[in-house]
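Summary of structural features
What follows is each chain in one-letter form.
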Amino acid sequence: QVQLVESGGGLVQAGDSLRLSCAASGRPFRSNTMGWARQAPGKEREFVASISGSGGSTYYADSVKGRFTISRDNAENTVYLQMDSLKPEDTAVYYCAADADTGWGPSKSLRLYDYWGQGTQVTVSS
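Residues numbered from 1 in each chain as written. Predicted model: local features only at pLDDT ≥ 70, side-chain atom pairs only at ≥ 80, totals over all residues. Heavy atoms only, no water.

1. A look at the nonpolar core
- In this structure, M34, W36, L81, M83 and Y94 are the most contacted members of the largest nonpolar core, which totals 31 residues.
- At the level of secondary structure, the elements contributing two or more residues to this core comprise β3 (18-25), β4 (32-39), β5 (46-51), β7 (68-73), β8 (78-83), β9 (92-102) and β11 (120-125).
- It is β9 that contributes the most residues to this core, five residues altogether. (Core = buried A, V, L, I, M, F, W, Y, C linked by side-chain atoms within 4.5 Å. Buried < 20%, exposed > 50% of the residue type's maximum accessible area, 1.4 Å probe, protein only. Helix = DSSP H or I, 4+ residues; strand = E, 2+ residues; numbered from the N terminus.)

Here it is as structure tokens:
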């Protein structure tokens, strides 16, 4: 059974940093695109960032480009999201996701992903 478990969320002040982790189990994802999405209260879930299986290609939403960095450790079957210069508008539940198919292409579509974690709350106070 595939599981994605996020951790690292919390309450921080504007300008602070957080690092989210997503540990995958049940199968390896070293050849698969993985990504992060977020959902703020009253809003639809939105794409944040994605990374290719090798980690050599990444793609970001315009709202986080230059502030967030996605990375992965395939030996640990883990993907990370380093979030710097956090803003109150970054407040949301952050979800990790994985594509069951191999291959890479920059895309903001959340329909790409077959597996989802339960989410971790990030709250940024002003």
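2. Here we look at the packing of aromatic side chains
- Applying the stated rule across the entire model yields three aromatic pairs.
- Between the aromatic rings of F29 and Y115, the centroid separation amounts to 5.7 Å while the plane-to-plane angle is 75 degrees, which identifies the pairing as edge-to-face. Here the residue F29 occupies a position in the loop between β3 and β4, and Y115 occupies one in strand β10 (residues 115-116), the gap between them amounting to 86 residues.
- The class for F29 is buried, based on a relative accessible area of 0%.
- Among the residues examined, Y115 registers a relative accessible area of 25% and is labelled partly exposed. (Phe/Tyr/Trp six-rings, centres within 6.5 Å; stacked < 30°, edge-to-face > 60°.)

3. A short note on the pattern of salt bridges
- Enumeration according to the criterion identifies four salt bridges in this entry.
- The shortest N-O distance in the salt bridge between R38 and D90 comes to 2.9 Å. Here R38, found in strand β4, pairs with D90, found in the loop between β8 and β9; they are 52 residues apart in sequence, far enough to count as distant.
- For R38, a relative accessible area of 5% translates into the label buried. (Salt bridge = Lys/Arg side-chain N within 4 Å of Asp/Glu carboxyl O.)

4. Observations regarding the pairing of β9
- Sheet topology places β4 next to β9; seven bridges connect them, and they run antiparallel. Across the sheet, the residue bridging to G35 is A97, located in β9.
- Two strands pair when backbone bridges link them, and β9 and β10 are joined in this way by two bridges, in the antiparallel orientation. In the strand pairing of β10, A98 is matched with Y115. (Pairing = 2+ DSSP bridges.)

5. Description of the environment of G26
- Mapped onto the elements, G26 comes out in the loop between β3 and β4.
- Considered as a pair, G26 and Q13 are 13 residues apart in the sequence and their alpha carbons are 36 Å apart.

So yeah, pure geometry; function would need other evidence.
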